[in-house]
Amino acid sequence: MKDKQFLMIPGPTPVPERALLAMAKHPMGHRSSEFSAIMKQVYQDLKWLFQTEEDVFIYTSSGTGAMEAAISNLVNPGDKVLSLVIGNFSERWAKIAKMRGADVEKINFDWGQAVDPTVLKQRLDQDVNKEIKFVTLIHNETSTGVTNDLQALAAIIKEHGAISIVDGVTSVGALPVKMDEWGIDVLISGSQKGFMIPPGLAFLACSKKAWKAYENCQNPSFYFNFGANKKSVAEDTTPYTPNVSLIVALKETFAMMKEEGLENIYSRHAKLASMTRKGLKDLGLKLFVEDDNIGSKAITAVWPPEGISVPDIRKTLTKEYDIVVANGQDKLKDKIFRIGHLGFVSERDIIMALGALEATLKKLK
Ligand SMILES: Cc1ncc(COP(=O)(O)O)c(C=O)c1O
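Residues numbered from 1 in each chain as written. Predicted model: local features only at pLDDT ≥ 70, side-chain atom pairs only at ≥ 80, totals over all residues.

Undergrad: Quick question: what am I supposed to make of the sheet that holds strand E11 (residues 299-302) here?
TA: In a beta sheet, neighbouring strands pair by backbone hydrogen bonds and run either parallel or antiparallel. On the basis of which strands lie adjacent, the open sheet formed by three strands has the order E11-E14-E13 and antiparallel pairing. The sheet is open, and its two borders are formed by E11 and strand E13 (326-327), each paired with just one other strand. Note: E11 against strand E14 (residues 337-340), four bridges, orientation antiparallel. The residue bridging Val 302 from the neighbouring strand is Phe 337, located in E14. (Pairing = 2+ DSSP bridges. Helix = DSSP H or I, 4+ residues; strand = E, 2+ residues; numbered from the N terminus.)

Take a look at the structure:
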């Protein structure tokens, strides 16, 4: 049967009908008063979700665009950047900063582990001359299914005085992220995750402290420019033509999120994660991240059973049951598979995926 495919990858995530229908309408003019009213609402809703009083910029790009925006508006060549790496996406910050000419130092943790706050504290305590200007880190590492203790890490960075630059692509909208209360300086995210709309928009908020670094940036980006975006937020618009249809859809998914309420969204994700982890263990599978304290609420990575390959599991799940799960990335390609349970996902979806996985494993035995 066609049109039944169900995405259980960590992005793009399923999109509710309310958002799909909103996108089916003719696009409106991006400088019209009708669209400005939508922008005004969406900008307010972004502040609510990011839990910040700062403006949240909207870029027409994927999440990596917002990562590039952060580095290119803040970092000058030669600036010292400390990158906390726990997987593929946290490594991306280091790559972007290096291309920008920064002096990048990485602290690598094993894939499947979280950043150890004591290691970060020790390194920052050694930096008595305050040479480290920026620390890049991730909240939820999608390649491994690990969640860092962002609150603790942001506090350590704040105490040192460096600017924290945080990837919240698979955490914002799925797990609590309190930008202002936790003292995060720059927080970015992307539309195809907890926001429940397709790929194509990215978001960025920047603290007053980080804004000073922007003012000292010698060659900031043109397209992603912080100053141009701040001016546009004040005027309920964007500097250039945005993806109008996605913003219209976002207004709808924000309405859904507000109806559900932040705490309920977070507890739903926590419940789906614990159902997934328990269900996988009940099937006799070994979780890639065994420690429940760092296991992600948005995505779970799992080893295949002895004698059955990841490509066979993924192929059979899609062919027989129309369910798509993600492969491992980089050095974990074909070694683990990853189940996304963020965004527009309910308990029924988890039960369905676990049932289909059980049948798949029986078939492949
Ligand atoms: C944590 C994280 N950061 C960054 C990205 C990159 O986002 P994009 O592929 O939208 O550029 C992803 C994408 O999956 C991600 O999960």
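Having put the structure on the table, let's press on.
Undergrad: Is there a simple way to think about the domain arrangement of the chain in this case?
TA: For the chain, the assigned domains read domain 1 (6-13 + 261-364) and domain 2 (17-257). For domain 1 and domain 2, the distance between their C-alpha centres works out to 26 Å. Contact residues are listed per partner, giving 24 residues for domain 1 and 24 residues for domain 2. Looking at the side of domain 1 that touches domain 2, the elements that each hand over two or more residues are helix H11 (262-282) and E11. Each residue belonging to the side of domain 1 that touches domain 2 can be placed in one class, and the counts come to 13 nonpolar, eight polar and three charged. (Domains from an automatic or database assignment. Contact = placed C-beta atoms within 7 Å. Nonpolar A, V, L, I, M, F, W, Y, C, P; charged D, E, K, R; others polar.)

Undergrad: Explain the site of the ligand to me, please; I cannot follow it from the model alone.
TA: Near the ligand, the surroundings consist of Gly 11, Ser 62, Gly 63, Thr 64, Phe 89, Ile 138, Thr 142, Asp 167, Val 169, Thr 170, Gly 190 and Pro 199. Considered class by class, the residues forming the shell around the ligand number four nonpolar, seven polar and one charged. (Near = placed C-beta within 6 Å.)

Undergrad: How do you make sense of the sheet that holds strand E3 (residues 80-85) when you look at a structure like this?
TA: Taken together, the seven strands give an open sheet; going across it, the order is E2-E10-E9-E8-E5-E3-E4, and neighbouring strands pair in mixed fashion. Sheet topology places strand E2 (56-59) and strand E4 (103-108) at the edges, where each strand pairs with a single neighbour. Direction aside, the axes of adjacent strands within the sheet are offset by 20 degrees on average. Direction of pairing for E2 relative to strand E10 (residues 202-206): antiparallel, over a ladder of four bridges. What sits directly across from Phe 57, in E10, is Leu 204. (Axes fitted to C-alpha atoms, helices over the stretch in contact; angles between N-to-C directions.)

Undergrad: What is the right way to read the nonpolar core from this model?
TA: Soluble globular proteins tend to bury their nonpolar side chains together. Ranked by size, the top nonpolar core spans 110 residues in total, and within it Ala 70, Val 186, Ile 188, Phe 203 and Leu 204 carry the most contacts. It is helix H10 (residues 244-260) that provides the largest number of residues to this core, a total of eight residues. Built from parts of two domains, this core gets at least three residues from each of domain 1 (6-13 + 261-364) and domain 2 (17-257). Ignoring anything within four residues of it in the chain, the contact list for Ala 70 reads Ile 165, Val 186, Ile 188 and Leu 204. (Core = buried A, V, L, I, M, F, W, Y, C linked by C-beta atoms within 7 Å. Buried ≥ 20, exposed ≤ 12 C-beta atoms within 10 Å, placed from the backbone.)

Undergrad: Is there a simple way to explain the packing of H11 against helix H13 (residues 347-364) in this structure?
TA: For any two helices packed against each other, one specifies the inter-axial angle together with the distance between the axes. Running from N to C, H11 and H13 cross one another at 15 degrees; their axes reach a closest spacing of 10 Å. When the interaxial angle is binned, H11 and H13 end up roughly parallel. Two packed elements cross with a definite hand, and for H11 against H13 that hand is right-handed. Listed contacts from H13 to Leu 272, Met 275, Thr 276 and Gly 279 of H11 are Glu 347, Ile 350 and Leu 354. The class makeup of the residues in the contact of H11 with H13 is four nonpolar, two polar and one charged. (Parallel < 35°, antiparallel > 145°, perpendicular 65-115°, else oblique. Left-handed = near helix turned anticlockwise from the far one by under 90°.)

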